[in-house]
Amino acid sequence: MSYGNQVQFKVYKEQEHAVVPVSYEELEAAARKKLENAPYHYVAASAGGEETAKANRDGFYQWKIIPRMLRDTTKRDLSVELFGQTLPYPVLCAPVGVQSIVHPEGEIASARAAASMGVPFISSTASTHSLEKVAAAAEDGLKWYQLYWSSDREIAASMVQRAEKAGYKAIVITLDTPMMAWREKDIENAYLPFLMGQGIGNYLEDPVFCSRLAKPPQEDLVGAVTYWSRVFGNPGLTWEDLQFIRMQTSLPILLKGILHPDDAKLALEHGMDGIIVSNHGGRQVDGAISTIEALPEICEVVNGEIPVLMDSGIRRGADIVKALALGAKAILVGRPYIYGLALAGDAGVKQVLRNLIADLDLTMALSGKTSIKELDRSLLKRM
Ligand SMILES: Cc1cc2nc3c(=O)[nH]c(=O)nc-3n(C[C@H](O)[C@H](O)[C@H](O)COP(=O)(O)O)c2cc1C
Ligand SMILES: O=C(O)C(=O)c1ccccc1
């Protein structure tokens, strides 16, 4: 039996040495075994009763693929165009903060792995390693910067300017987390890695942040962490504030965390360059709509004017096919690559990405599709 293309061949070759389970369920179980309780739950758990996390998965099951036959799928092209760049696959690494809690190399290893696969890496404001160090690790890779907009707006401006200077090619403003939601496991575990200086690397190396401190962080980490906890979130933001970030950068700006079609309309009206339909992997509003459910209406409103990306609950190739068929330009993946990181550092991240992409490639081929632009609603049936 032939597996068609190169991606597939490499998967089966490297699998001989793989330490990373292929199935998502086993991947999560292996990470559970390897990690201490608190960091494992920080990654795995969602908000409240985890209804939205469940809905994210249930949402995919409600759409079924109806494969087409006899369509010569010998050659496939998974590439997509985004902001003038060609991505080899419609897959990006979602911004995930504090990656050092699962592996000491954290974001540096993930960014390196993503770059080696041609997968764009979205670096979080809450990274343990600074955005400049992450950029250096993924020198040849496409990188975007995710902004948590500090309540001290000069800090936000400084981070955006640093990101542009370091070679990041887009700014992703995350709107759904001006504060952490009710996360029961983290509360029970009283788990706050930030208090130990993890996840605040971008602040400790920020000239504006440091200028606000009585003593430099090297001399008084507690003082720095205390100030960080005061300025991290910004629940006061409104649509009008977006103009301020626009003035700091010439890069495209995407809004992450859009779930309501009216907010998609507002994003367009405020001149945004892209939208990421996301409920933060179910980690923020428990009871919020699943993203695959929110996606079609948002795509309808946006009407192709700007790219719509999506995340939350993508686990396999078929999930990606469904999201793209419903109008997403590309998807982001979060927890799966973090489990890969936990198990095997950069090699683990690479293997997880490779598996997901190979699964996507096969699912497309077996559905009778040879390119991403052929994926549309006619491939799906809602049950
Ligand atoms: C441990 C963890 C940390 C996260 N940190 C951030 C972050 O710093 N910034 C952000 O925009 N989203 C963050 N997210 C959300 C992801 O970007 C993404 O929306 C989510 O993980 C997608 O869902 P999935 O994990 O089901 O793939 C985080 C998610 C996890 C699991
Ligand atoms: O945990 C998260 O979901 C998240 O977005 C975050 C926020 C602040 C610091 C680290 C991660």
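Residues numbered from 1 in each chain as written. Chains lettered and ligands numbered in written order. Predicted model: local features only at pLDDT ≥ 70, side-chain atom pairs only at ≥ 80, totals over all residues.

> Could you clarify how one ought to interpret the overall build of the protein in this entry?
Helix and strand counts for the protein stand at 16 helices and 12 strands. For 383 residues, the compact-globule formula gives about 21 Å, and the C-alpha radius of gyration of the protein, at 20 Å, lands near that figure. Each of the three principal axes of the protein carries a C-alpha extent, and together these read 70 × 50 × 40 Å. Looking at the protein as a whole, 50% of its 383 residues qualify as buried. In the protein, once contacts between residues fewer than 6 apart in sequence are set aside, the share between residues at least 24 apart is 73%. (Helix = DSSP H or I, 4+ residues; strand = E, 2+ residues; numbered from the N terminus. Rg over C-alpha atoms; globule rule 2.2 N^0.38 Å. Buried ≥ 20, exposed ≤ 12 C-beta atoms within 10 Å, placed from the backbone. Contact = placed C-beta atoms within 7 Å.)

> Would you take a moment to explain the pairing of strand E7 (residues 171-174) for this structure?
Successive residues of a regular strand alternate their side chains across the two faces of the sheet. Burial along E7 is two-sided: Ile171 and Ile173 and Val172 and Thr174, pointing in opposite directions, are all buried. Examined bridge by bridge, strand E6 (residues 143-147) and E7 share 3 bridges and lie parallel to one another. Residue pairing for E7: Leu147 is matched across the bridge by Ile173. Note that the unit made of E6, helix H7 (residues 153-165) and E7 has a crossover that is right-handed. (Pairing = 2+ DSSP bridges. Right-handed = clockwise from strand over helix to strand, strands pointing away.)

> Could you clarify how one ought to interpret the site of ligand 1 in this entry?
Taken together, 22 residues lie around ligand 1, and Ala94, Gly97, Ser124, Gly281 and Gly334 are the ones closest in. In terms of residue class, the shell around ligand 1 is built from 8 nonpolar, 10 polar and 4 charged. (Near = placed C-beta within 6 Å. Nonpolar A, V, L, I, M, F, W, Y, C, P; charged D, E, K, R; others polar.)

> Got a minute to help me understand the site of ligand 2 in this structure?
As a structural note, the neighbourhood of ligand 2 is formed by Gly97, Val98, Ala126, Thr177, Gly199, His280 and Arg283. Its residues placed into classes, the shell around ligand 2 shows 2 nonpolar, 4 polar and 1 charged.

> Would you mind showing me how to read helix H14 (residues 291-302) here?
Since one α-helical turn is 3.6 residues long, residues separated by three or four positions face the same way. In this model H14 runs 16 Å from its N-terminal to its C-terminal C-alpha over 12 residues, within 8% of the 16 Å that 1.5 Å per residue would give. Looking at H14, one finds that the buried residues are Thr291, Ile292, Ala294, Leu295, Ile298, Cys299 and Val302. Buried residues in H14, looked at end-on, bunch into an arc of 140 degrees, giving them a common side. One or two positions beyond H14, positive phi appears at Asn303, with a value near 50 degrees. (Expected span 1.5 Å × (residues − 1). Arc of directions from axis to C-beta.)

> Would you mind showing me how to read helix H3 (residues 37-44) here?
Taken as a whole, H3 has its buried residues at Pro39, Tyr40, Tyr42 and Val43. On an axial view of H3, the arc spanned by its buried residues comes to 160 degrees, and they lie on one face. Buried residues along H3 sit against helix H2 (24-34), helix H8 (184-189) and helix H16 (335-366).

> When you look at the confidence of the model for the protein in this model, what are you seeing that I'm missing?
One rule of thumb: low pLDDT means the predicted coordinates there are not for detailed reading. Per-chain confidence: the protein averages 96 in pLDDT, with 95% of residues scoring 70 or above. Scored as a complex, the prediction yields pTM 0.96 and ipTM 0.99. (pLDDT = per-residue confidence, 0-100.)

> Is there a simple way to think about the environment of Ala94 in this case?
Along the polypeptide, Ala94 turns up in the loop between strand E4 (91-93) and helix H5 (106-117). Apart from residues lying up to four places away in sequence, Ala94 is in contact with Ile122, Asp311, Leu332, Val333 and Gly334.

> Help me understand the pairing of E6, please; the structure alone is not making it clear to me.
The element E6 is largely enclosed, with a buried count of 5 among its 5 residues. Neither face of E6 is left uncovered, since the one carrying Lys143, Tyr145 and Leu147 and the one carrying Trp144 and Gln146 both have all their residues buried. Examined bridge by bridge, strand E5 (residues 121-123) and E6 share 3 bridges and lie parallel to one another. Residue pairing in the sheet places Ser123 in a bridge with Tyr145 of E6. Once you follow E5 into helix H6 (residues 131-137) and on to E6, the crossover reads as right-handed.

> Any chance you could explain the nonpolar core here in plain terms?
Here is a general trend for soluble globular proteins: nonpolar side chains tend to be buried in one another's company. Among the nonpolar cores identified, the biggest contains 111 residues, and Ala114, Ile275, Ile331 and Leu353 are the most heavily contacted of them. In this structure, Ala114 is in contact with Cys93, Val119, Pro120, Phe121, Ala138, Gly141, Val349 and Leu353, ignoring residues within four places of it in sequence. (Core = buried A, V, L, I, M, F, W, Y, C linked by C-beta atoms within 7 Å.)

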